[in-house]
Amino acid sequence: MSTNTTSHSTMSSQTIVIKQADFIESIADSLQYISYYHPKDFVDAMNKAYEREESAAAKDAIAQILINSRMSAEGKRPLCQDTGIVTSFVKIGMSVQWDKTDMTVQEMVDEGVRRAYSNPDNPLRASIVSDPAGARKNTKDNTPSVVHIDMVAGNQVEVMIAAKGGGSENKSKMAMLNPSDDIAAWVEKTLPTMGAGWCPPGMLGIGIGGTAEKAAVMAKESLMDPVDIHELMERGAVTTEEKLRLDIFERANNLGIGAQGLGGLTTVLDVKIKSSPTHAASKPVVMIPNCAATRHVHFHLDGTGPVDLVPPSLSDWPEITREAGQNTHRVNLDTVTQAEIETWNSGDTLLLNGKMLTGRDAAHKRIQLLLDSGEGLPEGVDFTGKFIYYVGPVDPVGDEVVGPAGPTTATRMDKFTDMMLDQTGLMGMIGKSERGPETVASIKKHKAVYLMAVGGAAYLVSKAIKKSRVVAFEDLGMEAIYEFDVQDMPVTVAVDTHGVNAHETGPAIWKINIANAKQHNKP
Ligand code: SF4
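Residues numbered from 1 in each chain as written. Predicted model: local features only at pLDDT ≥ 70, side-chain atom pairs only at ≥ 80, totals over all residues.

### Focus: the pairing of strand 19 (residues 481-495)
Now for step 1: Counting buried residues along strand 19, eleven of its 15 residues qualify, which places the element largely inside the surrounding structure.
Now for step 2: Relative to strand 19, strand 14 (residues 349-358) runs antiparallel, the two being bridged by eight bridges. When the sheet's bridge partners are listed, leucine 351 is paired in strand 19 with proline 490.
Now for step 3: Pairing analysis gives three bridges linking strand 17 (residues 449-452) to strand 19, with the strands arranged antiparallel. The residue of strand 19 that forms the bridge with tyrosine 450 is valine 495.
Now for step 4: Across six bridges, strand 18 (residues 465-472) lies against strand 19 in antiparallel orientation. From the neighbouring strand, alanine 472 faces strand 19, where its bridge partner is isoleucine 481. (Buried ≥ 20, exposed ≤ 12 C-beta atoms within 10 Å, placed from the backbone. Helix = DSSP H or I, 4+ residues; strand = E, 2+ residues; numbered from the N terminus. Pairing = 2+ DSSP bridges.)

Given below as structure tokens:
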């Protein structure tokens, strides 16, 4: 019998045989499972954050994340268009034998990844590129994955497996601190430098000690634990790690960064720490954030078959509806004028209708090459008076127009933005996370706008897309330029035509609000 419990491996030395086929099937099934089911503890923590949130923009962002989560569970389609890089921790009991030994553990995991990502009922986006320092060619099946193998006591195989989003992985930080340095102070100083590209609210995994690489692996493994900080608060911290978790949790949330970096009460849902003895001269620390699309599952194989992951009940998800607030404007992208966009203020909510073009890293790079060479844009691509959506959608299935299609990190497109605004007549951009100061200045200079969709609400966003067609660069796959026809696609004005930046003003206001509230509550 196989289980999905979190108990530790048995110490029994009785040899058991694990079938290669069962292991591969379990990997494939678990990756499909986590592509559309958030862990229940994560949904509960997100719902708690929703209930206590006072910032309207952050509350709406969390509502979208929760609605998206429920829709994904119902529709069995990915939570996010970035279906992640697969990372697993495989702990193999010393008494385990395999029925076949013609594949390594890495090869078996990769075969499971391959099957999961090409499942015709729910194809997942292949995001892995080989030759990372050179050609960066998509391997097409999301392999290879990252596998950490441990030989442990017992006669089971224990697997913790995650699909980690690139946006959050990119914000990982490492420091070799001095032994006397304060780790919580380092996190407090570092977190604001990570921007919103990691799609908060989420979790922080922190590895302390060992060596540089050991700290990184511990940070990642710590994120496999369930959200339980509120239980820790209730029972009180005893160990050094527990005290540090509470200290960092409070300091991180006092920063006021909030959901999607728009300013608010909750930036992190939990802080996880793993530590290991280290050299007397060293204090390695690695911090890895986990995003709104936190996806992981934990199971054991005991030789009686593949894992049987029980689907959660839909009653595990809160019933949340979004209401159009005071500053919500319905916009027709086919007729929108310069005068109209100049009436939008940073922080306003818009419901977009009509046609937009898409494009992300590779399309921008190619546009720049074409413009620099004097060749000009391909036929049918005209950005004049248009909006570009930074997205790389999942392939559709059945009668879907497009698969999950949430925004990608806009900051990566900063280096192309002045060129796009200057040379193509582009009116605005839609993405996630903050823009850099030079880009904000360029947006202001061109009287353009930057709109933010909620990272991690990809399935919800895809339902607003009523038509989709490729207009150029078809060879780029998910990075091609599409034309989307949308209906009531929700976005927030992040940078308005005056250059007012919600990612700066929001957190600044909420940092003060939180400090004032704490001051007020002091005895
Ligand atoms: S929620 Fe954000 S960081 Fe996470 S996978 Fe999706 S886009 Fe990437």
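After presenting the structure, the write-up continues.
### Some thoughts on the domain arrangement of the protein chain
Now for step 1: Split by domain assignment, the protein chain resolves into domain 1 (1-164 + 295-323), domain 2 (166-292) and domain 3 (328-507).
Now for step 2: Taking only C-alpha atoms into account, the centre of domain 2 sits 32 Å from that of domain 3.
Now for step 3: The interface of domain 2 with domain 3 comprises 15 residues on the first partner and 14 residues on the second.
Now for step 4: Of the residues contributing to the side of domain 2 that touches domain 3, the split by class is seven nonpolar, eight polar and no charged. (Domains from an automatic or database assignment. Contact = placed C-beta atoms within 7 Å. Nonpolar A, V, L, I, M, F, W, Y, C, P; charged D, E, K, R; others polar.)

### Re the sheet that holds strand 10 (residues 268-276)
Now for step 1: Across the sheet, four strands lie side by side as 8-11-9-10; this open sheet has mixed pairing. Where the open sheet ends on each side, the last strands, each with one partner, are strand 8 (173-177) and strand 10. Strand-to-strand twist of the sheet, defined as the mean angle between neighbouring strand axes without regard to direction, takes the value 15°.
Now for step 2: Summarising the sheet, strand 9 (residues 202-209) and strand 10 pair through eight bridges and their orientation is parallel. Across the sheet, residue leucine 204 finds its bridge partner in strand 10, namely valine 271.
Now for step 3: Against the sheet, helix 7 (residues 212-222) contacts strand 8, strand 9, strand 10 and strand 11 (283-290), and its axis sits at roughly 150° relative to strand 9. (Axes fitted to C-alpha atoms, helices over the stretch in contact; angles between N-to-C directions.)

### Description of the packing of helix 1 (residues 20-36) against helix 4 (residues 105-117)
Now for step 1: Taken N-terminus to C-terminus, the directions of helix 1 and helix 4 make an angle of 45°; their axes are 8 Å apart at the nearest point. Taken together, the axis directions place helix 1 and helix 4 in an arrangement best described as oblique. Both helix 1 and helix 4 take part in a crossing whose hand is right-handed. Taken together, the residues of helix 4 that come into contact with helix 1 (itself represented by Gln20, Phe23, Ile24, Ile27, Ala28, Leu31 and Gln32) are Met108, Val109, Glu111, Gly112, Val113, Arg115 and Ala116. (Parallel < 35°, antiparallel > 145°, perpendicular 65-115°, else oblique. Left-handed = near helix turned anticlockwise from the far one by under 90°.)

### A few points about the site of the ligand
Now for step 1: Surrounding the ligand, one finds 14 residues, the nearest of these being Gly165, Gly167, Cys199, Cys291 and Gly456.
Now for step 2: Broken down by class, the residue content of the shell around the ligand amounts to six nonpolar, seven polar and one charged. (Near = placed C-beta within 6 Å.)

### So, the nonpolar core
Now for step 1: Ranked by internal contacts, the top residues of the largest apolar core, which has 141 residues, are Leu31, Met46, Ile62, Val449 and Leu451.
Now for step 2: Ignoring any residue separated from it by four or fewer positions in sequence, one finds isoleucine 62 in contact with Met46, Ala49, Tyr50, Glu53 and Ala259. (Core = buried A, V, L, I, M, F, W, Y, C linked by C-beta atoms within 7 Å.)

### Thoughts on unusual backbone geometry
Now for step 1: Note that the residue after threonine 143, namely proline 144, is joined by a cis bond; omega there is 0°.
Now for step 2: Residue placement: proline 144 occurs in the loop between strand 5 (137-138) and strand 6 (146-152).
Now for step 3: Following proline 200, the chain continues into proline 201 via a peptide bond in cis, with omega recorded as 5°.
Now for step 4: Inspection of the secondary structure puts proline 201 in the loop between helix 6 (183-190) and strand 9.
Now for step 5: In this model, arginine 136 sits at a positive phi of 50°, which is unusual for a non-glycine residue.
Now for step 6: Looking at the secondary structure, you find arginine 136 in the loop between strand 4 (129-130) and strand 5.
Now for step 7: Positive phi is not limited to glycine here, since aspartate 488 has a value of about 50°.
Now for step 8: Looking at the secondary structure, you find aspartate 488 in strand 19.
Now for step 9: By C-beta crowding, aspartate 488 is classed as partly exposed, having 14 other C-beta atoms within 10 Å.

### Digging into the sheet that holds strand 7 (residues 157-164)
Now for step 1: The strand order across the open sheet formed by four strands is 6-2-7-12, and the pairing between neighbours is mixed. Two strands bound the open sheet, and with one partner strand each, they are strand 6 and strand 12 (296-301). Averaged over all adjacent pairs, the angle separating strand axes in this sheet is 15°, with direction ignored.
Now for step 2: Bridging between strand 2 (residues 85-93) and strand 7 involves eight bridges; their strand directions are antiparallel. By the bridge assignment, valine 86 is partnered in strand 7 with alanine 163.
Now for step 3: Sheet contacts for helix 4: strand 2 and strand 6; angle to strand 6, the most-contacted strand, approximately 135°.

### Structural notes on the environment of glycine 112
Now for step 1: Looking at where glycine 112 falls in the secondary structure, it is placed in helix 4.
Now for step 2: Take glycine 112: there are 25 C-beta atoms within 10 Å of it, and that puts it in the buried class.
Now for step 3: Sequence-wise, glycine 112 and threonine 424 are 312 residues apart; in three dimensions their C-alpha atoms are separated by 44 Å.
Now for step 4: Ignoring sequence-local partners within four residues, the contact set of glycine 112 consists of Ile24, Ile27, Ala28 and Leu31.

### Considering the packing of helix 6 against helix 9 (residues 240-254)
Now for step 1: Running from N to C, helix 6 and helix 9 cross one another at 25°; their axes reach a closest spacing of 9 Å. Here helix 6 lies roughly parallel to helix 9, going by the angle between them. Viewed along their axes, helix 6 and helix 9 form a crossing whose handedness is right-handed. Here helix 6 contributes Ile183, Ala184, Val187 and Glu188 to the contact with helix 9, which in turn contributes Leu244, Asp247, Ile248, Arg251 and Ala252.
Now for step 2: Across the contact of helix 6 with helix 9, the residue classes break down as six nonpolar, no polar and three charged.

### Brief notes about the environment of valine 43
Now for step 1: Of note, valine 43 is situated in helix 2 (residues 40-52).
Now for step 2: Once the C-alpha coordinates of valine 43 and aspartate 316 are considered, the two residues, 273 residues apart in sequence, prove to be 7.8 Å apart.
Now for step 3: For valine 43, the residues in contact, after removing those within four places along its chain, are His38, Ser69, Asp316 and Trp317.

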